[in-house]
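# Residue-level structure breakdown
So you can see what is in the structure, the chains are spelled out below.
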Amino acid sequence: MSRTRTALALGTAAAGAMALASVTASAAPAPVAGSTTVTPAGHDFKAVLSGKATLKAGSVTVTCTVSVSTGTVPAAPGNSNPAGPVSSPISPPTYSSCTSSMPGVTPTVTTSGAWAVSMQDGAPITATMSVPMGGLVVKTTGLASCTVTAAPTAPASVAGTWANGSPSSLTFTNASVPVKVTGGFGCPTSATASVFNAVYKVSDVTDPAQNITVGP
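The rules behind each value
- Residues numbered from 1 in each chain as written.
- Predicted model: local features only at pLDDT ≥ 70, side-chain atom pairs only at ≥ 80, totals over all residues.
- Heavy atoms only, no water.
- Helix = DSSP H or I, 4+ residues; strand = E, 2+ residues; numbered from the N terminus.
- Buried < 20%, exposed > 50% of the residue type's maximum accessible area, 1.4 Å probe, protein only.
- Contact = heavy atoms within 4.5 Å.
- Core = buried A, V, L, I, M, F, W, Y, C linked by side-chain atoms within 4.5 Å.
- Disulfide = S-S within 2.5 Å.
- Polar contact = N/O pair within 3.5 Å; in protein donor to acceptor, adjacent residues only side chain to side chain.
- Pairing = 2+ DSSP bridges.

To continue, consider the overall build of the chain. Helix and strand counts for the chain stand at 1 helix and 16 strands. With 216 residues in all, the chain has 38% of them scored as buried. Partitioning the contacts of the chain with sequence separation of at least 6, the portion at a separation of at least 24 is 67%.

Laid out in structure tokens, this is it:
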């Protein structure tokens, strides 16, 4: 074989190997989620807002200082997942003592539907709050009459983090939530997403001496 043909063959083989490596790399499966266990199994818990919760859509921010939700850790063995998160249904969070960044405007927040929160052990421990379609609605009265509907067309997942403690905490930092805004003058009708911030302290209601804990 001539030197030119040899070089061409080697180049073709190298290109094929690179293409195969590229295909193999792109087809590599995503890392498998680690195990998660939430304890104590079967215990009721209560999540209470610490500080304030804010929901910002466009230039308008709604701030609430009271929010509560309750739920139950799944009974064993459902409180443990060897390869993924553990999910618990929760009551629709209530929001009250709310104000708006728009002068002369009073917001009211209502929630409904099947909500849930799932925990995935890791570093950090991640938490995902599931909002049902249309499960949170903010209505304003006063100088501007607006309606903000969260998860307007499909259920939404709101990403957060969990920290074990006494009590443990569930934190949402600049979490994105899809929204639809309707209304007249002063309403941020062009907004399609809002930014949610809140910290909840989660305590064990069944046995206050214990803590709700997420581990492997």
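Ranked by internal contacts, the top residues of the largest apolar core, which has 49 residues, are Y95, W162, F196 and Y200. For this core, the leading source of residues is strand β14 (residues 168-183), giving 6 residues. Residues in contact with Y95, not counting those within four places in the same chain, are A53, C64, V66, S67, V109, T111, L136, F196 and Y200.

Considering the arrangement of structural elements, one finds A123 in the loop between β9 (115-120) and β10 (125-131). Judged by relative accessible area, A123 falls into the exposed class, the value being 84%. Measuring from C-alpha to C-alpha, the distance between A123 and W162 comes to 9.9 Å, with 39 residues separating the pair along the chain.

So, about the state of the cysteines. Here the structure, examined in full by the defined rule, presents 2 disulfides. The disulfide partner of C64 is C98, and the S-S distance across this bridge is 2.0 Å. Its torsion about the S-S bond being 105°, the disulfide of C64 and C98 is classed as right-handed. One end of the pair, C64, is in strand β4 (residues 60-72); the other, C98, is in strand β7 (residues 94-100), with 34 residues separating them in the sequence. Each member of the pair, C64 as well as C98, is classed as buried. Shown here is the disulfide that connects C146 with C187, its sulfur atoms set 2.0 Å apart. Because the sign of the S-S torsion sets the handedness, a value of about -90° for the bond joining C146 and C187 places this disulfide among the left-handed ones.

Turning to the side chain of T37, a few remarks are in order. Within the fold, T37 resides in strand β1 (residues 36-39). A polar side-chain atom of T37 sits 3.1 Å from the main-chain carbonyl oxygen of P216.

A separate point is the side chain of S100. As for its placement among the helices and strands, S100 is situated in strand β7. For S100, the side chain forms a polar contact with the main-chain nitrogen of M102, separated by 3.0 Å. Excluding residues that lie within four positions of it along the chain, S100 makes contacts with V60, T61, V105 and P107.

Across the sheet, which stays open at both edges, the 3 strands sit in the order β5-β1-β16 with antiparallel pairing between neighbours. Sheet topology places β5 (80-81) and β16 (213-215) at the edges, where each strand pairs with a single neighbour. Bridge count between β1 and β5: 2 bridges; the pairing is antiparallel. Looking at the pairing, T37 lines up with S80 of β5.

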